[in-house]
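Report on the structure
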Amino acid sequence: MDKKLNVAVLYGGDGPEREVSLKSGAAVVSALEEAGFKVVPFDITDLSQLSDLRKTGHIDSVFIALHGSWGEDGRVQSALDVLRLPYSGSGPLACCLSMDKAATKGLLNLFGVPTPEGVLVLKGSSFSLEKARHFAERHHSVVVKPCNGGSTLGVTVVHNSQGLSDAFNEAWKYDSRCVIEKYIDGVDLAVTVWKQKGYLEALPEVMICPEKGFYDYDSKYTPGKTRYIVPAPFDPSIRSDIHQMACRAFEALSCEGYARVDFRVEEKGTPWVLEVNTAPGMTGTSLTPKAAAAAGYDFPAFLSHVVCLSLEKKSACR
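Residues numbered from 1 in each chain as written. Predicted model: local features only at pLDDT ≥ 70, side-chain atom pairs only at ≥ 80, totals over all residues. Heavy atoms only, no water.

1. Here's the deal with the packing of helix H5 (residues 126-139) against helix H6 (residues 164-171)
Between H5 and H6, the least distance of the axes is 12 Å, while the angle of their chain directions is 125 degrees. Here H5 is positioned oblique relative to H6, judged by the angle of their axes. Like other packed secondary-structure pairs, H5 and H6 cross with a definite hand, here right-handed. Across from Leu129, Ala132, Arg133 and Ala136 in H5, the residues of H6 making contact are Leu164, Ser165 and Phe168. Each residue belonging to the contact of H5 with H6 can be placed in one class, and the counts come to five nonpolar, one polar and one charged. (Axes fitted to C-alpha atoms, helices over the stretch in contact; angles between N-to-C directions. Helix = DSSP H or I, 4+ residues; strand = E, 2+ residues; numbered from the N terminus. Parallel < 35°, antiparallel > 145°, perpendicular 65-115°, else oblique. Left-handed = near helix turned anticlockwise from the far one by under 90°. Contact = heavy atoms within 4.5 Å. Nonpolar A, V, L, I, M, F, W, Y, C, P; charged D, E, K, R; others polar.)

2. Some details on the pairing of strand S10 (residues 206-210)
Of all five residues making up S10, four are buried, and the element is well covered by its neighbours. Examined bridge by bridge, S10 and strand S11 (residues 226-229) share four bridges and lie antiparallel to one another. Its bridge partner being in S11, Cys209 is matched across the sheet by Arg227. (Buried < 20%, exposed > 50% of the residue type's maximum accessible area, 1.4 Å probe, protein only. Pairing = 2+ DSSP bridges.)

3. Things to note about the pattern of salt bridges
Scanning all chains against the criterion turns up eleven salt bridges. One salt bridge in this structure joins Asp100 and Arg177, with 3.0 Å as the shortest N-O distance. Highlighted residues: Asp100 in the loop between helix H3 (92-99) and helix H4 (101-110) and Arg177 in strand S7 (residues 177-182), separated in sequence by 77 residues. A relative accessible area of 13% places Asp100 in the buried class. The salt bridge partner of Glu181 is Lys145, with a shortest N-O separation of 3.0 Å. Within this pair, whereas Glu181 is found in strand S7, its partner Lys145 is found in strand S5 (residues 142-146), the two being separated by 36 residues in sequence. (Salt bridge = Lys/Arg side-chain N within 4 Å of Asp/Glu carboxyl O.)

4. Some details on the state of the cysteines
Here is the idea: a disulfide is a covalent bond, and it sits between the sulfur atoms of two cysteines. Per the stated rule, a full pass over the model turns up zero disulfides. Here Cys147 is not cross-linked by a disulfide; its sulfur's nearest cysteine counterpart is in Cys178, at 6.9 Å. Here Cys147 falls in the buried class, since its relative accessible area comes to 0%. (Disulfide = S-S within 2.5 Å.)

5. Focus: the pairing of strand S13 (residues 271-277)
With six of seven residues buried, S13 lies mostly within the body of the structure. For strand S12 (residues 258-266) and S13, the ladder comprises six bridges, and the chain directions are antiparallel. Each residue of the ladder has a partner; that of Arg264, found in S13, is Trp272. What sits between S12 and S13 in their antiparallel hairpin is a turn of four residues, with Gly269 showing a positive phi close to 100 degrees.

6. Regarding the nonpolar core
Ranked by size, the top nonpolar core spans 28 residues in total, and within it Val9, Leu32, Phe63, Phe302 and Leu303 carry the most contacts. If you list the elements that add at least two residues to this core, you get strand S1 (6-12), helix H1 (18-34), strand S8 (186-196), S10, helix H9 (287-294) and helix H10 (299-310). Sequence-distant contacts of Phe302, that is, excluding residues within four places in its chain, are made with Trp194, Leu203, Tyr258, Met282, Thr288, Ala292 and Tyr297. Leu108, Val191, Phe250 and Val276 belong to the second-largest nonpolar core, a separate cluster that totals 26 residues. (Core = buried A, V, L, I, M, F, W, Y, C linked by side-chain atoms within 4.5 Å.)

7. A short note on unusual backbone geometry
Following Val230, the chain continues to Pro231 via a peptide bond in cis, the omega torsion being -10 degrees. Summarising the element assignment, Pro231 is placed in the loop between S11 and helix H8 (236-252). Although it is not a glycine, His140 adopts a positive phi angle of roughly 70 degrees. If you trace the backbone, His140 turns up in the loop between H5 and S5. Accessibility expressed as a relative area gives 57% for His140, which makes it exposed.

8. Here we look at H1
Helix length check: H1, at 17 residues, gives a terminal C-alpha distance of 24 Å against a target of 24 Å (1.5 Å per residue), a fit within 8%. Taken together, the buried positions of H1 are occupied by Val20, Ser21, Ser24, Gly25, Val28, Val29, Ala31 and Leu32. The first or second residue beyond H1 is Gly36, which carries a positive phi of 105 degrees. (Expected span 1.5 Å × (residues − 1).)

9. With respect to the packing of aromatic side chains
One pass over the full model with this rule turns up four aromatic pairs. Taking 6.1 Å as the distance between ring centres and 80 degrees as the angle between the ring planes, the aromatic pair formed by Tyr258 and Phe302 counts as edge-to-face. In this pair, Tyr258 is assigned in strand S12 and Phe302 in helix H10, connecting sequence segments 44 residues apart. The buried category is assigned to Phe302, whose relative accessible area is 0%. A connected cluster of aromatic rings, assembled from ring pairs, spans Trp194, Tyr258, Tyr297 and Phe302. (Phe/Tyr/Trp six-rings, centres within 6.5 Å; stacked < 30°, edge-to-face > 60°.)

Distances and angles like these do not, on their own, reveal function.
As structure tokens, then:
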């Protein structure tokens, strides 16, 4: 960098992922300061506070470390567009589409990206509930998840149709719309995709091995509860397929800058895209920093590149 740039870091929010966002925000603030940026920490609890960004002095870029609603559904991005402030990651449309798991699945299907078969279930709709029950009987093991949300909140793996009602009620705590999809027996995998010299690049994949059960909230954010293998022990041909699929998912949802694509990979090596995260976690146990490190980028260097991607004039960072 020729000069120190002023970067505002947005974190917090008022949703169920606030605590995770606070940790991400603290990590990003520390790393960007280490990289030489002038950082303005910004814990927001109401969207109207975004107008205060202009009162903090000149801001060159905004780093979005908000998770779930606001940060990933396009509302913050829309507000920043109105304020004419560049920001990290994707624009409003891509964020909105990626946040909605039903919309994501529809676009992935149209783009030819394999994703587990699923059905949309609306709270209070007897038609969609009946369709979901037939779906569960046909597939035996299914996953029920809120359409909008993250950190595995409200997600239930159901191996017996008798547990469907409880699974729906859990998902509906977070959203009146949920998705029931075929359970893929295999391992969880995360691939971060970003722009590098104008081209999409997939960073080394992170294989996720929870100590027990599935990769739930506790396994994600409690150190020692999950083992990570980076890169995953795949044959080169399987790795190539996964990386290409991650880039296609990125394109299908019109993502920009960087994003994390989550997979489920069967034992025989068949990958399935589950979702795309436009504001991935940046905590001490998060996946994207692990992928960056495996690719040879320390955390400050990785975030510096993300900030540079957000700037309208790329020459500001060299």
